[in-house]
Amino acid sequence: MNLGFDTFDTFRFKQLVFVNSAAYAYTQIRIDQHTAVFGENNLGKTSMLNALKLFLLPEVNFRNCGSKFNFRGTNGNLYDGMASFRYYFPEDRAFIILEAENPHGDFCIVLHRGGATDKMEYARLVVPCPYARLEPLFWNVNANDNDGVGAPVESMTLQGVKTTLREMGGEPLSDWKTIQERLFTNQPYDKKAGRYSLLPLRNGAGKREMDAWRKLVHLAFDISASDERTLPDTLATIIEGQKSRKEEELQLDLNAIVEEAYQLREEGDRITRIRNASDIWEKFDESFQYETQLRDQTAKAYADLNESVEVEEERLKEALEIASRALTEAEDQEEALDRIKRDCDKAVTKTDAEVGADRRLVGDLRKDINAAYATLNEFPDGTPRQEIIKSLDEHIDQQSQTIKGYDDKAVAQQDYTRTCERLDKNMRIAKQLDEQLTNRTPTLLDDLSVSDASILNSLNRSLGTTHGVLTQEQKQAFTQFSQQFLSEDGHLVLGDPQEGIALSDIRYQEYNAEKTREDLQSRLDELNATIAQDKKQRDKLLEEATMGPEEIARRRNRAEKELGNAQKDKNALNALDANLKKLDSKEGELREKEETLEELKRQYGIADVQWKEAARNHQKAGQDHKSIQGQGQQTRSIRQRLDRIGKDANNVLEGRHKVIKPTPCEVSEANIVALEESVDNLSAQRNRAHEQLRKLLTMDILSNTDSLAHLSSFTGDQVAEFHEQLKAVFDNLDTQEANYRHQVDRHNKTTHSQVEILRSAKQLVAAFISGINAEMGQFSISDLDEVRVDYKLHPRFEQLLADLEKADLLSDELQDHKVYEQLKAFQADFFNADARRTGILLSLDKILAGVHYKYRKRGEEGWTTNAQSNGTTMMITTNLLSVLMSRLMDGDAQVTMPLVMDEFGSLATQNMRTARQIAEQHGYCLFVANPNRDSKITQVLGNYVHLGLFHATQAYAENRTVVHHGLCESLARKGTLTRQTADTQIEGAPLSKEEADL
């Protein structure tokens, strides 16, 4: 194997590093030599191979992931963008690094999460140094942690790594165009521009070259060509990508030919229509001329009357303003006086109501006072008012009790019992009082003065009740003794008032024999009155006990009435003093209000006279205003009719009246009627002209006028413009016919030349496939002596070329309509518009319907297309891939990059060696994966990595623990780590026991 090339033209992929990405805590794989990756499922072998696409393609996000990267699992299913993004870049501290080399030196491309996580973005940093200088940023390989496989760098952050890489000269490549220019263009003489050139494409990183490269990358990862469109799309894009000159492009526009044919056919039909419409044109031209003349006359009449109406309107406006002001003033004066009159009326009404209310109040007070005096007169003169009120209360209570008795028999019975008991008791007491008055004998104190008797009675009450007559000596002794005492504050005092002894326990008890007799008589009189009343009540209750319901109801009503009257009398007595005082006050107020009322009535009379005068003035001003309004109404009527003529959407004057100098005329009904008749005549003439114009427009003589033919009316400018256009058409009809014949001749020649370009596409594909087969014949695979690439063009493309051979493309007539329809349909399905260039390009991937291999087995002369084994197909595709890549890469550069093959163990040993031989011939390395350790693979490739042997217990994340680097690639016999400086196992070397058991 010869992998040593001259330094100046070598481009080499050296190693691939995963940091906290996929399933890996830290994994470092060399890819500048044939390398096999072993490991169980779910260790990310396939995703490791697929990760190369992130460097091979100039993308910046995982959107439209299927079309960009075509990431597939072992089951063939596509991974979506978000799943891929989260797998490769699960967090900010996730990196994928590619170390590479070009003629300007070693460099690294560092991929990391981008700024917009929701947009699934990832970013690139390119650093001008080998990976060895970067390694301490990502993993401490010399640490004894994790059983000697190293340890994560705890301080690692995305921002910290980016800052350090920039300090080391790194720069970000953020946009698609910059990535193409810096990574996919060869700049051997410009170190700054070519410092990070990764893949030197032959013709630079143009769109066609990148499209071809993208297809080739997808082929490289679908080496078994399981997708039937992989080979056709790849070959078609490579053919396009190899075109270095614009003239090599299959650039033609069949639609333009078809559209021009349609236009020419329409032009021929239009010329025929013009010939057939000559008579209609002459009638339209005559109507147009007459209408123009009539419009000028009508516009002059309109302008004259319109100007005169404006003058009249201005005059009436000024007169109306004067009349309006006079009317407003008269109206305001009337309203002001009316308000004064109403205010006076309201004041009179209000004051009159207040006088009436006060009069009623005075009457009510007098009535209450008279009632009180009437009640007082019912009692003896000098009877205290409180006794009268007390008597009324007793009467009220009695009537209340009587009512209760009427309502309830039990109450009546109780009342009767209480009355009888009270009557018996009072009769006994009255008898005793009568006996005391009749049989009273003098007591010891009767002959003494009231003051002396009172002192002695206070000292000993028995003296006032003991009967007998004092002797003169006894009377003198009692008098002297009593004079030793005085009464003060209801108690007795012994001695002088100033220095006496207060006898606070002895109350002063007055003793007056005459007064006592009077009190007894008064008590007896009151008691006899009560007895009489109780007897009356008793008799009444006895009588009521035998009465029927009607009589009880009648008496109950009477009792209620008496109760009410007694209550009123009581209230009148209670309020008598207040009512007398209030009556005096209210009578004074009433007199003042009566005087005010008379004054208000006088003022109202004056206001009423003034208001009536103002109302007459208002009426006269209104009549004057109405007269002027009538004149204005007539003028407005004429104005409205003028506006309908001059401003209506269907205006026949077309604005001519606005540019004519007016002449004053009479503003009269006759003039407006004459103008309206003239307008009607003009409208009829215009309709005739419009109808003739519609006929011409429906004949499609002018372009883009079909929709206008259905308009209900046209403006004057539109008619004039159409007249001018139609005049030009009919005046130049002979010239148009001659031009049409020349255009048809030129169109047929152009069609012939475009079809010749279409035929060249078939030749281009044939030539390219022939060149590919010449290089493919250098290898034999398995039992195949020779392998070729065969192809099939789309049947519609073949049919189109066959049909065009039958057409006479150089005749002096247009082709049949079916020919143009066939060209149009073909372009719609087989051409792509290219925005970078003028014109439309034939899409080769659409006419290349299929690509397949055909084989000639060793010892046989015939060719077969029977399907070969998957391994054989992979070897053939690998050979084809190498041939195609050599066509895309710059011829002065040698690229050492990995050719990716998954499930490599499915190949036979011979095919494995053939794959290695094909890769080495073009300077490539095999980068393969297989789930199981296979000795055939290690014997053929020599270098291998077994993932999953080493796991870090301390990693950046719990689910990403796989570790592999140059110091942890195998196990010693005693289970300890053996640190080596190389990452390879030499081809053909015997396997260790531990390795043989893997």
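Notes on the structure follow. Given the structure is predicted, the values throughout are model-derived calculations rather than measurements.

Reading the values: rules and limits
- Residues numbered from 1 in each chain as written.
- Predicted model: local features only at pLDDT ≥ 70, side-chain atom pairs only at ≥ 80, totals over all residues.
- Heavy atoms only, no water.
- Helix = DSSP H or I, 4+ residues; strand = E, 2+ residues; numbered from the N terminus.
- Buried < 20%, exposed > 50% of the residue type's maximum accessible area, 1.4 Å probe, protein only.
- Contact = heavy atoms within 4.5 Å.
- Areas by Shrake-Rupley, 256 points an atom, 1.4 Å probe, with all protein chains shown as cover.
- 1 Å grid on protein atoms, 1.4 Å probe; cavity = no way out; pocket = protein on both sides within 12 Å on 5 of 7 lines; lining within 4 Å.
- Points joined across faces, edges and corners; volume = space filled by probe spheres on them.
- Nonpolar A, V, L, I, M, F, W, Y, C, P; charged D, E, K, R; others polar.
- Axes fitted to C-alpha atoms, helices over the stretch in contact; angles between N-to-C directions.
- Left-handed = near helix turned anticlockwise from the far one by under 90°.
- Disulfide = S-S within 2.5 Å.
- Pairing = 2+ DSSP bridges.
- Parallel < 35°, antiparallel > 145°, perpendicular 65-115°, else oblique.
- Phe/Tyr/Trp six-rings, centres within 6.5 Å; stacked < 30°, edge-to-face > 60°.

A word on the overall build of the protein
Item 1. Looking only at helices and strands, the protein features 30 helices and 21 strands.
Item 2. For the protein, the residues scored as buried account for 44% of the 998 residues in total.
Item 3. Restricting the contact set of the protein to residue pairs at least 6 apart, pairs at least 24 apart contribute 74%.
Item 4. Of the roughly 51900 Å² that the protein leaves accessible, carbon and sulfur atoms contribute 47%.

Points about the layout of surface pockets
A water-sized probe rolled over the atoms picks out the places where empty space is left.
Item 1. Considered as a void within the structure, the largest pocket measures approximately 1200 Å³ in volume.
Item 2. Forming the walls of the largest pocket are 31 residues, and the residues nearest its centre are Ser391, Glu394, His395, Gln398 and Gln533.
Item 3. Broken down by secondary-structure element, the contributors of at least two residues to the lining of the largest pocket are helix H14 (385-407), helix H15 (409-439), helix H18 (513-545) and helix H19 (549-574).
Item 4. Here the lining of the largest pocket gets 11 residues from one element, more than from any other, and that element is H14.
Item 5. For the lining of the largest pocket, the class distribution of residues is 6 nonpolar, 11 polar and 14 charged.

Examining the packing of helix H12 (residues 254-276) against helix H25 (residues 817-830)
Item 1. Axis separation between H12 and H25 bottoms out at 8 Å; the angle between their running directions is 150 degrees. At the point where H12 passes H25, the crossing takes the left-handed sense. Residues Leu254, Asn255, Ile257, Val258, Glu259, Ala261, Tyr262 and Arg265 of H12 form the contact with H25, whose participating residues are His817, Tyr820, Glu821, Leu823, Lys824, Phe826 and Gln827.
Item 2. Per-class residue counts for the contact of H12 with H25 are 8 nonpolar, 3 polar and 4 charged.

With respect to the state of the cysteines
Item 1. With the rule as written, the count across this model stands at 0 disulfides.
Item 2. Cysteine cysteine 129 remains unbridged, with the sulfur of cysteine 108 as its closest cysteine sulfur at 5.7 Å.
Item 3. Its relative accessible area of 1% is what places cysteine 129 among the buried residues.

Brief notes about the sheet that holds strand E18 (residues 898-901)
Consider a sheet: its strands pair through backbone hydrogen bonds, and that pairing is either parallel or antiparallel.
Item 1. Taken together, 4 strands build an open sheet; the order of strands is E18-E19-E3-E20 and the sheet is parallel. In this open sheet, the two strands that pair with only one neighbour each are E18 and strand E20 (944-946). For this sheet, the mean angle separating the axes of adjacent strands, direction not counted, is 15 degrees.
Item 2. Note: strand E3 (residues 35-38) against E20, 3 bridges, orientation parallel. By the bridge assignment for E20, alanine 36 is matched with tyrosine 944.

Topic: the sheet that holds strand E11 (residues 491-494)
Item 1. Taken together, 3 strands build an open sheet; the order of strands is E10-E11-E12 and the sheet is antiparallel. The sheet is open, and its two borders are formed by strand E10 (485-488) and strand E12 (501-507), each paired with just one other strand. Along the sheet, successive strands turn relative to each other by an average axial angle of 35 degrees, direction set aside.
Item 2. Of the strand pairs in this sheet, E10 and E11 are connected by 4 bridges, and their pairing is antiparallel. The residue of E11 that forms the bridge with glutamate 488 is histidine 491.

So, the packing of helix H13 (residues 278-377) against helix H20 (residues 576-647)
Item 1. Direction vectors running N to C along H13 and H20 enclose 165 degrees, while the axes themselves pass 3 Å from each other. Between H13 and H20, the interaxial angle falls into the category roughly antiparallel. The way H13 lies across H20 gives a crossing that is left-handed.
Item 2. A per-class count over the contact of H13 with H20 returns 39 nonpolar, 17 polar and 23 charged.

As for the packing of aromatic side chains
Item 1. Here the structure, examined in full by the defined rule, presents 19 aromatic pairs.
Item 2. Between tyrosine 131 and phenylalanine 138, the aromatic rings sit 6.4 Å apart at their centres with planes inclined by 10 degrees, giving stacked as the arrangement.
Item 3. Classification of tyrosine 131 as buried rests on a relative accessible area of 1%.
Item 4. Summarising the aromatic geometry, the rings of phenylalanine 481 and phenylalanine 485 are spaced 5.4 Å apart at their centres and angled 65 degrees between planes, so their arrangement reads as edge-to-face.
Item 5. On the basis of relative accessibility, which here comes to 11%, the residue phenylalanine 485 falls in the buried class.

Function-wise, these values are silent; they only describe arrangement.
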